[in-house]
Amino acid sequence: MKNNLTAEKMKSPIDELLDEISPIEQRKTDTRMLLAARINDAMRAKGWKNKDLMEALDRNTPSIITKWLSGTHNFTMDTLVELESVLDISLLNLRPEKPKITFFTIAVSQKATIDTALPNFVNLTGDFEQTSMHIKLVQSQKNHFESILCS
Amino acid sequence: MKCKVVKINQLSGQAASIYSVIIGDEAETLLDKFINESKISFLNETKDIIKRLRTIGSITGARMQFFKPNEGEPGDGVCALYDKPESNLRLYCIQYGSELIIVGGGGHKPKSIRSLQEDEKLKSENYFLRWLSAEISTRVKEKTIQFVNDHFDFEGDIDFQGYEE
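Calculation notes
Residues numbered from 1 in each chain as written. Chains lettered and ligands numbered in written order. Predicted model: local features only at pLDDT ≥ 70, side-chain atom pairs only at ≥ 80, totals over all residues. Helix = DSSP H or I, 4+ residues; strand = E, 2+ residues; numbered from the N terminus. Buried ≥ 20, exposed ≤ 12 C-beta atoms within 10 Å, placed from the backbone. Contact = placed C-beta atoms within 7 Å. Nonpolar A, V, L, I, M, F, W, Y, C, P; charged D, E, K, R; others polar. Core = buried A, V, L, I, M, F, W, Y, C linked by C-beta atoms within 7 Å. Axes fitted to C-alpha atoms, helices over the stretch in contact; angles between N-to-C directions. Parallel < 35°, antiparallel > 145°, perpendicular 65-115°, else oblique. Left-handed = near helix turned anticlockwise from the far one by under 90°. Pairing = 2+ DSSP bridges.

A. Structural view of the overall build of chain A. Along its length, chain A carries 8 helices and 4 strands. Mapped from its N terminus to its C terminus, chain A presents α and β elements in the order α-α-α-α-α-α-β-β-α-β-β-α. Scored against the burial criterion, the 151 residues of chain A give a buried share of 16%. Pairs at least 24 apart in sequence give 62% of the contacts found in chain A among residues at least 6 apart.

What follows is the structure, given as structure tokens:
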């Protein structure tokens, strides 16, 4: 018990405060600041200053843009949608999601040469006819695969 | 009065290094003192500042947009971390690009004052960082201090003395 108290006393004020901050609290701050950073990057890409963004959004208080960029602002969904529209960026999908893996069955009803019907990532050789296959595909490849089969 | 610049490892990360200052032989940094002074009356605001510093260190870097500029002499990098509009805590910093900041002290800025010079505590904290920034600039020019690790750290003579309020 005595050792614990000693250890507690040795904690710095920063450590004590960090201990009180939950992961979700930290994540809220991270997200606010990431949003502000992305908005600022998009403005710079367009060569815009605060005034340009203010005018594009039909606002009349320059300080609101400074506040948005400071990373302290809690944006409403409507404001984010407006910002996405004028800056041509995505703000509601800040972190790329891991690709989803989907399992599905493909029924091929027509004789086809695998080289032309299937994309490179399906590792099969030879001809097939009236075949069902279980293929593991990354979701982002699914559309490509379907477009080939439908053409 | 002598002082030295120290890295705050708990807040530094892959995006930026956060430094603070130890005065004399004290055990606490100016950031520790700021926390102790502020958390009694402004706990949430103080926590918010620490969260923001951790985000700067680990994710975003010390982007200019997160700081209120021109809080010191022209070009000396002295600024204040933006606080929430409803809060009036000021934490003064010296910014060196987006990779390194030195966090000093600060305090509550009452709404009744317009400039920091109207509050002795804020003025004292701010003018100390102005002096420190000038000292560092001189040493960088004299090459007794260098920025290393892709500008994330200082190397060299980081012990200072001679500041008088």
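B. Highlighting the interface of chain A and chain B. Taken together, the contact between chain A and chain B spans 22 residues of the former and 24 residues of the latter. Put simply, the parts of the chain that give the side of chain A that touches chain B at least two residues each are helix 2 (13-20), helix 3 (23-46) and helix 5 (62-69) of chain A. With 9 residues, the top contributor of residues to the side of chain A that touches chain B is helix 3 of chain A. Looking at the side of chain A that touches chain B residue by residue, the classes come out as 10 nonpolar, 7 polar and 5 charged.

C. Focus on the nonpolar core. In this structure, Leu-91, Cys-93, Ile-101 and Val-103 of chain B are the most contacted members of the largest nonpolar core, which totals 52 residues. Residue contacts for Leu-91 of chain B: discarding those within four places in its chain leaves Phe-34, Ile-49, Ala-80, Leu-81, Val-103 and Gly-106 of chain B.

D. Quick peek at the packing of helix 3 of chain A against helix 2 (residues 43-60) of chain B. Closest axis-to-axis distance for the helix 3 of chain A/helix 2 of chain B pair is 9 Å, and the angle between their directions is 60 degrees. Judged by the inter-axis angle, helix 3 of chain A sits oblique to helix 2 of chain B. Judged by the twist between their axes, the crossing of helix 3 of chain A over helix 2 of chain B is right-handed. For the pair helix 3 of chain A and helix 2 of chain B, the contacting residues are Glu-25, Gln-26, Thr-29, Asp-30, Met-33, Leu-34 and Ala-37 of chain A in the first and Lys-51, Arg-52, Arg-54, Thr-55, Ile-59 and Thr-60 of chain B in the second. Per-class residue counts for the contact of helix 3 of chain A with helix 2 of chain B are 4 nonpolar, 4 polar and 5 charged.

E. Representation of the pairing of strand 6 (residues 100-108) of chain B in the model. Residues and elements named next belong to chain B. Within strand 6, 8 of the 9 residues are buried, which leaves the element mostly enclosed by the surrounding structure. Both strand 2 (residues 17-23) and strand 6 contribute to a ladder of 4 bridges, which runs parallel. Of the residues in strand 6, the one forming a bridge with Ser-17 is Leu-100. Across 7 bridges, strand 5 (residues 89-96) lies against strand 6 in antiparallel orientation. Looking at the pairing, Tyr-96 lines up with Leu-100 of strand 6. Linkage of strand 5 to strand 6, two consecutive antiparallel strands, is achieved through a turn of 3 residues, within which Gly-97 is found at a positive phi near 65 degrees.

F. Quick peek at the packing of helix 2 of chain A against helix 1 (residues 30-38) of chain B. At a minimum axis distance of 8 Å, the contact between helix 2 of chain A and helix 1 of chain B shows a crossing angle of 55 degrees. The angle between helix 2 of chain A and helix 1 of chain B places the two elements in the oblique class. For the pair helix 2 of chain A and helix 1 of chain B, contact is made by Pro-13, Ile-14 and Leu-17 of chain A and by Leu-31, Asp-32, Ile-35 and Asn-36 of chain B, respectively.

G. Quick peek at the sheet that holds strand 6 of chain B. Residues and elements named next belong to chain B. One open sheet accounts for 7 strands, arranged 3-4-5-6-2-1-9; its pairing is mixed. Both edges of this open sheet fall to strand 3 (67-68) and strand 9 (159-161), since each of them pairs with a single strand only. Across 3 bridges, the pairing between strand 1 (residues 2-7) and strand 9 is antiparallel. For Lys-4, the partnering residue across the bridge sits in strand 9 and is Asp-159. Here helix 1 sits on the sheet in contact with strand 2, strand 5 and strand 6, set at roughly 30 degrees to strand 6.

Function-wise, these values are silent; they only describe arrangement.
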